[in-house]
Amino acid sequence: MCHQSVGLLQGAIEDHGIPSISITVRPEITAHANVSRACYLRFPTGNPVGEPNKPEQQRLILTAVLEQFTEIKEPGTIVELPFRWRRM
Amino acid sequence: MPTPDLDERFRRWLKLIAEMHDGANFTANQTIAWAPLRKPLSECSVALVSTAGVHLKSQPAHDLLNPHGDASFREIPGDTHTSNLAVDHVHYDTTDANKDPNCVFPLDRLRELVSIDMIGSITPVHYGFMGFIPDGRMLRDTTAPIVAEQLLAQHTDVVVLTPG
C-alpha cells in the first residue's frame, strides 16, 4: 500500500510542476498508479535503496535513479535498474 | 508498463487488500502528470518524500493501529543526523530501516551527492509518511497537496520518492 501512497504523492507533486521519480519494489502496483517516472528494483519491501550500512551500494542506486531524469522521456515509464539482491 | 503477468499480480493484490481492509479503495492518479526537468541536476535542489514511516525520534510515530490508516506527515529537516530517525510501519519488516534509515530514506546519500556536485543542494525540509492508507482518497484529498505546496514554497527542483 506504500506504493499506492507513493503514486498519489508523486501525482500531486508533478501536478504542482515539480519533476519527480520514485523507486518501486512492487511494479504491479506502480504500473497502475499513473506516475511520471519510476525505477524498479528487484529488492524486498523495506529495502528500496538497498541493504543497511552499505553506503556504496545505496549511493550507486540513488545515482542510477537520479540519472533516469535525463533518460526517461515518456510519461509513465518504469525502468528496471540492473541491481540484484544478494544478501545471504 | 502493465503486462499480463503484472496485471495478474495486481489483481491478486487488489483482492488481498479488499479482504484484509474494510473500506480499501485503490486510488490511482486520473492522468499521468508530467513536469519536465528544467535545469541540470548539478543545479537542482532535491527533496525526499517517503511512505516508509520515517519520523524524527522526537516526533510522534504515525498511527499504526488505525484501520483507516494515517495520512499525516512528518517534516524532517535536511540537516538531521540519521541516528535521530526512527522508522515505524506494521506492513513491512522495518529491522533494516531502523538499523540504517538510508535503506528507505537516503538522506546521508543525498548529502554525499551534494558534496560531489552531482546535485546542487537538498531542500531544508523532507517528508515522512506512513504509507498504510487503505482508502487512497484520504491522502489524495488532504495531505498530498499540502506537501506539494510546501515543496513548491521551498523552491524544490526535483523530488525522489521511496516506499517502505
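Rules used throughout
- Residues numbered from 1 in each chain as written.
- Chains lettered and ligands numbered in written order.
- Predicted model: local features only at pLDDT ≥ 70, side-chain atom pairs only at ≥ 80, totals over all residues.
- Heavy atoms only, no water.
- Helix = DSSP H or I, 4+ residues; strand = E, 2+ residues; numbered from the N terminus.
- Expected span 1.5 Å × (residues − 1).
- Buried < 20%, exposed > 50% of the residue type's maximum accessible area, 1.4 Å probe, protein only.
- 1 Å grid on protein atoms, 1.4 Å probe; cavity = no way out; pocket = protein on both sides within 12 Å on 5 of 7 lines; lining within 4 Å.
- Points joined across faces, edges and corners; volume = space filled by probe spheres on them.
- Nonpolar A, V, L, I, M, F, W, Y, C, P; charged D, E, K, R; others polar.
- Pairing = 2+ DSSP bridges.
- Contact = heavy atoms within 4.5 Å.
- Salt bridge = Lys/Arg side-chain N within 4 Å of Asp/Glu carboxyl O.
- Polar contact = N/O pair within 3.5 Å; in protein donor to acceptor, adjacent residues only side chain to side chain.
- pLDDT = per-residue confidence, 0-100.
- Phe/Tyr/Trp six-rings, centres within 6.5 Å; stacked < 30°, edge-to-face > 60°.
- Lys NZ or Arg CZ within 6 Å of the ring centre and 35° of its normal.
- Axes fitted to C-alpha atoms, helices over the stretch in contact; angles between N-to-C directions.
- Parallel < 35°, antiparallel > 145°, perpendicular 65-115°, else oblique.
- Left-handed = near helix turned anticlockwise from the far one by under 90°.

*Asks:* Would you mind going over helix H1 (residues 2-15) of chain A with me for this structure?
*Replies:* An α-helical turn contains 3.6 residues, so any two residues separated by three or four positions project in the same direction. Residue and element names in this part refer to chain A. End to end, H1 covers 20 Å across 14 residues, agreeing with the expected 20 Å (1.5 Å per residue, within 8%). The element H1 is largely enclosed, with a buried count of 13 among its 14 residues. Backbone geometry just downstream of H1 places Gly17 in the positive-phi region, at approximately 90 degrees.

*Asks:* Can you walk me through the environment of Ala18(B) in this structure?
*Replies:* Tracing the backbone through its elements, the reader meets Ala18(B) in helix H1 (residues 4-20). Along the backbone, Ala18(B) and Pro134(B) are 116 residues apart, and their C-alpha atoms lie at a distance of 9.0 Å.

*Asks:* I'm lost on the layout of surface pockets in this one. Help?
*Replies:* To find leftover empty space, one rolls a probe the size of a water molecule over the atoms. What the largest pocket holds in volume is close to 270 Å³. Forming the walls of the largest pocket are 16 residues, and the residues nearest its centre are Met1(A), Cys2(A), Arg26(A), Trp13(B) and His91(B). Here the element with the most residues in the lining of the largest pocket is H1(B); it accounts for four residues. Among the residues making up the lining of the largest pocket, the classes are represented as nine nonpolar, six polar and one charged.

*Asks:* Even after reading the chapter, I still don't get the pairing of strand S1 (residues 20-24) of chain A, so can you show me in this structure?
*Replies:* Residues in a regular strand point their side chains to alternate faces of the sheet. Where burial is concerned, most of S1(A) is hidden: five out of the five residues are buried. Both faces of S1(A) are covered, namely the face carrying Ser20(A), Ser22(A) and Thr24(A) and the face carrying Ile21(A) and Ile23(A). Where S1(A) meets strand S7 (residues 158-162) of chain B, three bridges bridge the pair, whose relative direction is parallel. Note on S7(B): the bridge partner recorded for Ile21(A) is Val160(B). Sheet topology note: the S1(A)/strand S2 (residues 37-40) of chain A ladder contains three bridges and is parallel. Bridged to Thr24(A) within S2(A) is Tyr40(A).

*Asks:* In this structure, what is going on with the interface of chain A and chain B? I would like to understand it.
*Replies:* Interface size is often expressed as the accessible area that is lost when the parts come together. With 61 residues of chain A at the contact, the number on the chain B side is 66 residues. Counting the contacts that link chain A with chain B gives two salt bridges. Glu28(A) is paired through a salt bridge with Arg9(B); the nearest N and O atoms lie 3.2 Å apart. Applying the counting criterion to the chain A and chain B interface returns 24 residue pairs in polar contact (both at pLDDT 80 or more). If you list the elements that add at least two residues to the side of chain A that touches chain B, you get H1, S1, helix H2 (27-30) and helix H3 (55-71) of chain A. Looking at which element gives the most residues to the side of chain A that touches chain B, the answer is H1(A), with 14 residues. When the residues that make up the side of chain A that touches chain B are grouped by side-chain class, the tally is 27 nonpolar, 22 polar and 12 charged.

*Asks:* For this particular structure, what's the right way to read the confidence of the model for chain B?
*Replies:* Any segment with low pLDDT has predicted coordinates that should not be analysed in fine detail. Across chain B, pLDDT averages 94, with 99% of residues at or above 70. What the predictor reports for the complex is a pTM of 0.96 with an ipTM of 0.97.

*Asks:* Quick question: what am I supposed to make of the packing of aromatic side chains here?
*Replies:* Aromatic ring pairs are reported here in terms of the distance separating the ring centres and the angle at which the planes meet. Throughout the structure, instances matching the rule amount to six aromatic pairs over all chains. On the basis of an interplanar angle of 40 degrees and a centroid distance of 5.6 Å, the ring pair of Phe73(B) and Phe129(B) is categorised as tilted. Taken as a pair, Phe73(B) in strand S3 (residues 73-77) and Phe129(B) in strand S6 (residues 125-129) lie far apart in primary sequence, 56 residues in all. Among the aromatic residues, ring-to-ring pairing joins Phe10(B), Trp13(B) and Phe26(B) into one connected group. One residue, Arg37(A), lies across the ring of Trp34(B), its end atom 3.9 Å from the ring centre.

*Asks:* Help me out: how do you make sense of helix H3 (residues 107-115) of chain B in this one?
*Replies:* Residues of H3(B) that are buried include every one of Leu107(B), Asp108(B), Arg109(B), Leu110(B) and Leu113(B), and no others. Considering only its buried residues, H3(B) is in contact with H3 of chain A together with strand S1 (45-50), S3, strand S5 (121-122) and S6 of chain B. Taken from the residues just after H3(B), Asp117(B) is the one with a positive phi, measuring 65 degrees.

*Asks:* Can you help me understand the side chain of Glu28(A) in this one?
*Replies:* Residues and elements named next belong to chain A. Along the chain, Glu28 falls in helix H2. On the basis of relative accessibility, which here comes to 4%, the residue Glu28 falls in the buried class. Engagement of the side chain of Glu28 in a polar contact is seen with the side chain of Arg26, the distance being 2.8 Å.

*Asks:* I keep staring at the packing of H3(A) against H3(B) and nothing clicks. Help me out?
*Replies:* The geometry of a pair of packed helices is captured by two quantities: the angle between their axes and the separation between those axes. It is the contact of H3(A) with H3(B), at a shortest axis distance of 10 Å, that shows an interaxial angle of 70 degrees. When the interaxial angle is binned, H3(A) and H3(B) end up roughly perpendicular. Judged by the sense of rotation from one axis to the other, the crossing of H3(A) with H3(B) is right-handed. Listed contacts from H3(B) to Pro55(A), Gln58(A), Arg59(A), Leu62(A), Thr63(A) and Leu66(A) of H3(A) are Arg109(B), Leu110(B), Glu112(B) and Leu113(B).

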